[in-house]
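Single-letter residue listing:
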Amino acid sequence: GGGGIAKEDPRHNRPLHLWRVKHVARWVSKLAPEVAEAVIEKKIDGKKLLNCKTKQDLLDAGLEDCPSLLDVLREIRRLQAQDVYWHVSKLRQDGKKVAESQRRGMRC
């Protein structure tokens, strides 16, 4: 590997709520390879990660306890924040589109 982040890294083009199981498995394998298989077996996708707030949530989702689990949780929290930001940005864009279409509709 040549340093840098691979193009298929889902973090660069897809908010967490849209991650499929394969995206989560690929992502977690870089942080805690020992739980990647459990992600696939338990079908943990981005929507499930959005609901994980504590280490216990991760254990309840089917991940096994390991030293890197807290690193995984820290990254999940960061991704959750990015997901919220994505929704806010989308709402702003949609709001601008609505405002523009309303302005166009009001012209005589």
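Scoring rules and cut-offs
- Residues numbered from 1 in each chain as written.
- Predicted model: local features only at pLDDT ≥ 70, side-chain atom pairs only at ≥ 80, totals over all residues.
- Heavy atoms only, no water.
- Helix = DSSP H or I, 4+ residues; strand = E, 2+ residues; numbered from the N terminus.
- Buried < 20%, exposed > 50% of the residue type's maximum accessible area, 1.4 Å probe, protein only.
- Contact = heavy atoms within 4.5 Å.
- Areas by Shrake-Rupley, 256 points an atom, 1.4 Å probe, with all protein chains shown as cover.
- Salt bridge = Lys/Arg side-chain N within 4 Å of Asp/Glu carboxyl O.
- Patch = residues over 30% accessible without salt bridge, like charges linked within 9 Å, V, L, I, M, F, W, Y side chains within 5 Å.
- Lys, Arg positive; Asp, Glu negative; His and termini not counted.
- Charge placed at Lys NZ, Arg CZ, Asp CG, Glu CD.
- Polar contact = N/O pair within 3.5 Å; in protein donor to acceptor, adjacent residues only side chain to side chain.
- 1 Å grid on protein atoms, 1.4 Å probe; cavity = no way out; pocket = protein on both sides within 12 Å on 5 of 7 lines; lining within 4 Å.
- Points joined across faces, edges and corners; volume = space filled by probe spheres on them.
- Nonpolar A, V, L, I, M, F, W, Y, C, P; charged D, E, K, R; others polar.
- pLDDT = per-residue confidence, 0-100.

**Focus on the overall build of the protein**
Within the protein one finds five helices and zero strands. Put simply, the protein has 108 residues, and 30% of those count as buried. Considering only intrachain contacts with a sequence separation of at least 6, the fraction spanning at least 24 residues in the protein is 52%. Just so you have it, the protein exposes about 7400 Å², and 54% of that area is on carbon and sulfur atoms.

**Here we look at unusual backbone geometry**
Phi at Lys43 takes a positive value of approximately 55°, unusual for a residue other than glycine. Within the element layout of this structure, Lys43 appears in the loop between helix H2 (36-41) and helix H3 (46-50).

**With respect to the pattern of salt bridges**
Between side chains of opposite charge, pairing is possible as soon as their charged atoms come close. Within this structure, the stated rule accounts for five salt bridges. Its salt-bridge partner being Arg104, residue Glu100 comes within 3.7 Å of it at the nearest N-O pair. Highlighted residues: Glu100 and Arg104, both in helix H5 (residues 69-106), separated by four residues, approximately one helical turn.

**Focus on a negative patch on the surface**
Taken together, the side chains of Glu34, Glu37, Glu41 and Glu64 define an acidic patch exposed on the protein surface. Tracing the backbone through its elements, the reader meets Glu64 in the loop between helix H4 (55-61) and H5. With relative accessibility at 46%, the residue Glu64 sits in the partly exposed group.

**A look at the environment of Glu34**
Relative to the helices and strands, Glu34 is located in the loop between helix H1 (21-31) and H2. We classify Glu34 as partly exposed; its relative accessible area is 35%. With near-sequence residues (within four places) excluded, Glu34 lies in contact with Glu64, Cys66 and Ser68. At 3.0 Å, the side chain of Glu34 forms a polar contact with the side chain of Ser68.

**Thoughts on empty space enclosed by the protein**
Applying the stated rule across the entire model yields one cavity of 30 Å³ or more. Taken as a whole, the largest cavity encloses approximately 30 Å³ of empty space. If you trace the largest cavity, you find it lined by Val24, Trp27, Val28, Val39, Ile44, Leu49, Leu63 and Val72. Taken together, the residues that form the lining of the largest cavity break down as eight nonpolar, no polar and no charged.

**Structural notes on the confidence of the model for the protein**
For the protein, per-residue confidence averages 88 on the pLDDT scale, and 86% of positions sit at 70 or higher. Note that residues 1-8 has pLDDT below 50 and, in this model, two contacts with residues that lie over four places away or in other chains.

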